[in-house]
Amino acid sequence: MAGDITTIARPYAEAAFERAKEAGQLDAWSEALALLSGVVTDPQMAAQIANPNVPRERVRDIILDVCGEALPSEAANLLRLLAQNARLAALPEIARLFEASRIADQGVRHVLIRSAFKVSAAEQKAVAGALAKRFGGEVEVTVETDSSLIGGIEIRSGDLVIDDSVRGKLKQLAHALQF
């Protein structure tokens, strides 16, 4: 399902990003999408969005009322389009993809480091420095601990995956041994 929602959300996020960049309103769009995402993920609102008996126009109008003046007119137009196409549930993913594009456009690359053990600040700094050299720009690092890796680290940034974990090496070995 996650892949499906990303596939649905990507064209909307890309169009919103291009429009925001063209208008010089990246921050305003970012705030608007965050607001819309927060509204549609509210449990009561999510239930209304998922309810086929509630007209889309009514849900759209409720969201517009909740957001009020905080929602720029072009973001409100995006909301209308999403409601018309029954895509309101994709708003959180649209906001996430928009933010990823905004960060990438600013030359900052988000990197997730997963490690079997706690990574010290010095180790984080060293890995971030090496990745900044490799990517040729600023790197924003998030670190998670995952004992299922057994040992080593796994680095993810967009489509790039560097798996230097024991679990990854065991999977490679198992795959190589299969004839």
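Only a predicted model underlies this, so the values are computations on that prediction, with no experimental measurement involved. (Residues numbered from 1 in each chain as written. Predicted model: local features only at pLDDT ≥ 70, side-chain atom pairs only at ≥ 80, totals over all residues. Heavy atoms only, no water.)

Peer 1: Tell me about the nonpolar core, residues and numbers included.
Peer 2: One finds Ile 63 and Leu 71 to be the most contacted residues of the largest nonpolar core, which totals 33 residues. For this core, the secondary-structure elements that each account for two or more residues are helix H1 (2-23), helix H2 (26-41), helix H4 (56-67), helix H5 (73-84) and helix H6 (91-105). Broken down by element, the residue count for this core peaks at 7 residues, all from H2. Sequence-distant contacts of Leu 71, that is, excluding residues within four places in its chain, are made with Ala 32, Leu 36, Leu 64, Ala 76 and Leu 79. (Core = buried A, V, L, I, M, F, W, Y, C linked by side-chain atoms within 4.5 Å. Buried < 20%, exposed > 50% of the residue type's maximum accessible area, 1.4 Å probe, protein only. Helix = DSSP H or I, 4+ residues; strand = E, 2+ residues; numbered from the N terminus. Contact = heavy atoms within 4.5 Å.)

Peer 1: Summarise the sheet that holds strand S4 (residues 160-165); cite the residues concerned and give the values.
Peer 2: Spatially, 4 strands are ordered S2-S1-S3-S4 in an open sheet, and the strand pairing comes out mixed. Two strands bound the open sheet, and with one partner strand each, they are strand S2 (138-145) and S4. The mean inter-strand angle of the sheet, taken between neighbouring strand axes irrespective of direction, is 15°. In this structure, strand S3 (residues 152-157) lies alongside S4, joined through 6 bridges in antiparallel fashion. Across the sheet, Ile 155 pairs through a bridge with Ile 162, a residue of S4. This element, helix H7 (residues 121-135), spans strand S1 (108-115), S2, S3 and S4 of the sheet and lies at about 135° to S2. Lying over the sheet, helix H8 (residues 166-177) contacts S1, S3 and S4, oriented at roughly 95° with respect to S4. (Pairing = 2+ DSSP bridges. Axes fitted to C-alpha atoms, helices over the stretch in contact; angles between N-to-C directions.)

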